[in-house]
Amino acid sequence: MTGTYKETVLRYRVFKHDDLPEAHKEAYRARGIDPDELWQLVASFPDVEGAVKFKEWNESRGVTWETWKIEDGGKEEVIERPVW
């Protein structure tokens, strides 16, 4: 299946970055992708408090290869994503 779909992303966005094994990083680099810049949008919230709680809960799980961050998108927006 190919194509795209639209998704509403709220103002405060929570992103996750996985620290990959070196062999995986090299595979990305071979394709011209910087693995250190791969952040996944995991969730979004209308208020910063919800985003902080979500981020803190994920960090409390103790998964050592995950890094979490919050970005303020300034406003809610509709984005278009590819269907995988």
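This text gives an overview of the structure that appears in the document. In this text, all values refer to a predicted model and were calculated from it rather than measured experimentally.

Basis of the calculations
Residues numbered from 1 in each chain as written. Predicted model: local features only at pLDDT ≥ 70, side-chain atom pairs only at ≥ 80, totals over all residues. Heavy atoms only, no water. Pairing = 2+ DSSP bridges. Helix = DSSP H or I, 4+ residues; strand = E, 2+ residues; numbered from the N terminus. Axes fitted to C-alpha atoms, helices over the stretch in contact; angles between N-to-C directions. Contact = heavy atoms within 4.5 Å. Expected span 1.5 Å × (residues − 1). Buried < 20%, exposed > 50% of the residue type's maximum accessible area, 1.4 Å probe, protein only. Arc of directions from axis to C-beta.

1. As for the sheet that holds strand β3 (residues 40–45)
Reading across from one edge, β3-β2-β4 is the order of the three strands in this open sheet, with antiparallel pairing throughout. Edge positions in the sheet fall to β3 and β4 (66–72), since each of these pairs with one other strand and no more. On average, adjacent strands in this sheet sit at an angle of 25° to one another, irrespective of strand direction. Strands in contact with helix α2 (residues 48–60) are β2 (12–18), β3 and β4; relative to β4, the strand with the most contacts, it is inclined by about 175°.

2. Details of α2
Under the 1.5 Å per step criterion, the end-to-end length of α2 is 18 Å for 13 residues, consistent within 8% with the ideal 18 Å. Inspection of α2 places Gly50, Ala51, Lys55 and Asn58 among the buried residues, and these make up the whole buried set. Along the axis of α2, the buried positions cluster into a sector of 130°, meaning they face one direction only. More than 90 degrees from the buried face of α2, the exposed residues found are Lys53, Trp57 and Ser60. For α2, the elements touching its buried residues are β2, β3 and β4. A positive backbone phi angle near 75° is found at Gly62, which sits one or two residues after α2.

3. Things to note about the environment of Glu37
Looking at the secondary structure, you find Glu37 in the loop between α1 (22–30) and β3. For the pair Glu37 and His17, spaced 20 residues apart in sequence, the C-alpha to C-alpha distance is 8.1 Å.

4. Examining the side chain of Lys16
Considering the arrangement of structural elements, one finds Lys16 in strand β2. Setting aside residues no more than four positions away along its own chain, Lys16 makes contact with Leu38, Trp39, Gln40, Val42, Glu66, Thr67 and Trp68.

These figures capture arrangement, not role.
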